[in-house]
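Here is what each chain is made of, one letter per residue.
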Amino acid sequence: MTTHCTDTTVGEIAAGLPISARIFEKYGIDFCCGGRVPLAEACQRLGLDAAAVLEEIDRTAQSPAAEPETDWRTATLTSLAGHIVDTHHVYMKTQLPRLESMLQKIIEAHSARHAGVLVPLAATYRAMKEELDGHLLKEEMILFPLIRALESGSGPRNFHCGGVQNPIRVMLMEHDSAGGALARMRQLTGGYTPPPDACNTFRAFYFELAAMEADLHRHIHLENNILFPGAAALESARP
């Protein structure tokens, strides 16, 4: 049985039991940007029974069919940063332009009938993509090298950006922005439900957009709830 309770934050539960992310996604519980609130509070906002959600997480984690998942709290920060780049950054760099191209084709074919959804959806998606393109680059070129240097002890006592907390603060703000964009797109699309007259490309776009949302939630969770707190703690412990 898990030692977590309904007063444990959603982010702590997701970090300690990675399989819980599936349950949180199922019920629309924000475990990345909103992961700093207790499970009880997150469930209350959604009209859910927190004890029942926690019991479902326990049951899923203890199921013989549950596949083992990496506990990234036990890994080095360098390993976690590498995993984020190799898994989530590579995925986003492929999917962001691919979905933008699909969206343009959908607009050309369906905007006359679905402009009320497609116009704001395109504006939200393109703004998110532009910010994420820069976000990934800043992590790879500035923040992650800083974290690796901090962990290895090879970096200077005072970094050029003033410390790891400064770029982390920027990344957190951009995570909140991306989370807001995802919520807006989910709302606009009725939970990524294609209209009855949607073509195959339209349906595939909604499916892939939902998959991107799930991947970005896990991506942000790993950073907000494990990597960034670990880096901040490491920096504060330096002599």
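Keep in mind the model is a prediction, meaning the values are calculated, not measured.

Side note on the overall build of the protein chain
The secondary structure content of the protein chain amounts to seven helices and zero strands. The order of helices and strands in the protein chain, counted from the N terminus, is α-α-α-α-α-α-α. Against the 2.2 N^0.38 benchmark of 18 Å for 239 residues, the protein chain shows a C-alpha radius of gyration of 19 Å, consistent with a compact globule. Its C-alpha atoms give the protein chain principal-axis dimensions of roughly 65 × 45 × 30 Å. Taking all 239 residues of the protein chain together, 45% fall into the buried category. For the protein chain, the accessible area works out to roughly 11,700 Å², and carbon and sulfur atoms hold 56% of it. Once the 21 positive and 29 negative side-chain charges of the protein chain are each reduced to a mean point, those two points are 4 Å apart.

Observations regarding the nonpolar core
Counting residues in hydrophobic clusters, the biggest one holds 30 residues, and the most contacted among them are Leu-121, Tyr-125, Met-128, Met-185, Phe-205, Leu-209 and Met-212. Elements supplying a minimum of two residues to this core: helix H5 (77-152), helix H6 (165-188) and helix H7 (200-236). In terms of residue count, H5 provides more of this core than any other element does, 14 residues in total. Formed by 19 residues, the second largest nonpolar core is a distinct cluster that contains Trp-72, Leu-146, Ile-147 and Ile-226.

Some points on the packing of aromatic side chains
The full count for this structure, using the stated rule, is four aromatic pairs. Aromatic side chains Phe-202 and Tyr-206 sit 5.1 Å apart centroid to centroid with 85° between the ring planes, which places their arrangement in the edge-to-face category. Within this pair, Phe-202 and its partner Tyr-206 are both found in helix H7, separated by four residues, close to a single helical turn. Plain terms: the ring middles of Phe-205 and Tyr-206 are 6.2 Å apart, the flat faces sit at 45° to each other, and that makes the pair tilted. Tyr-206 sits in the buried class, given a relative accessible area of 3%.

Some thoughts on the confidence of the model for the protein chain
With 95% of its residues at a pLDDT of 70 or more, the protein chain shows a mean pLDDT of 92. The element-level mean pLDDT for the protein chain is lowest in helix H4 (residues 50-62), coming to 91, with H5 highest at 96.

A few points about the state of the cysteines
Disulfides are covalent bonds that connect the sulfur atoms of two cysteines. The tally for this structure, following the rule as stated, stands at zero disulfides. For the unlinked cysteine Cys-33, the closest cysteine sulfur is that of Cys-32, found at 4.4 Å. Residue class for Cys-33 comes out buried when judged on its relative accessible area of 12%.

Looking at unusual backbone geometry
Positive phi, normally seen in glycine, also occurs at Tyr-192, with a value near 60°. Along the chain, Tyr-192 turns up in the loop between H6 and H7. In this structure Tyr-192 comes out as buried when scored by relative accessible area, which is 8%.

Here we look at the pattern of salt bridges
Considering all chains together, one arrives at 13 salt bridges under this definition. In this structure, the salt-bridge partner of Lys-93 is Glu-140, at a minimum N-O distance of 2.9 Å. Lys-129 serves as the salt-bridge partner of Glu-100, at 3.8 Å between the closest nitrogen and oxygen. The exposure class assigned to Glu-100 is partly exposed, which follows from its relative accessible area of 26%. In the salt-bridge network here, residues are joined through shared partners; they are Glu-100, Lys-129 and Asp-133.

Quick notes on the rules
Residues numbered from 1 in each chain as written. Predicted model: local features only at pLDDT ≥ 70, side-chain atom pairs only at ≥ 80, totals over all residues. Heavy atoms only, no water. Helix = DSSP H or I, 4+ residues; strand = E, 2+ residues; numbered from the N terminus. Rg over C-alpha atoms; globule rule 2.2 N^0.38 Å. Buried < 20%, exposed > 50% of the residue type's maximum accessible area, 1.4 Å probe, protein only. Areas by Shrake-Rupley, 256 points an atom, 1.4 Å probe, with all protein chains shown as cover. Lys, Arg positive; Asp, Glu negative; His and termini not counted. Charge placed at Lys NZ, Arg CZ, Asp CG, Glu CD. Core = buried A, V, L, I, M, F, W, Y, C linked by side-chain atoms within 4.5 Å. Phe/Tyr/Trp six-rings, centres within 6.5 Å; stacked < 30°, edge-to-face > 60°. pLDDT = per-residue confidence, 0-100. Disulfide = S-S within 2.5 Å. Salt bridge = Lys/Arg side-chain N within 4 Å of Asp/Glu carboxyl O.

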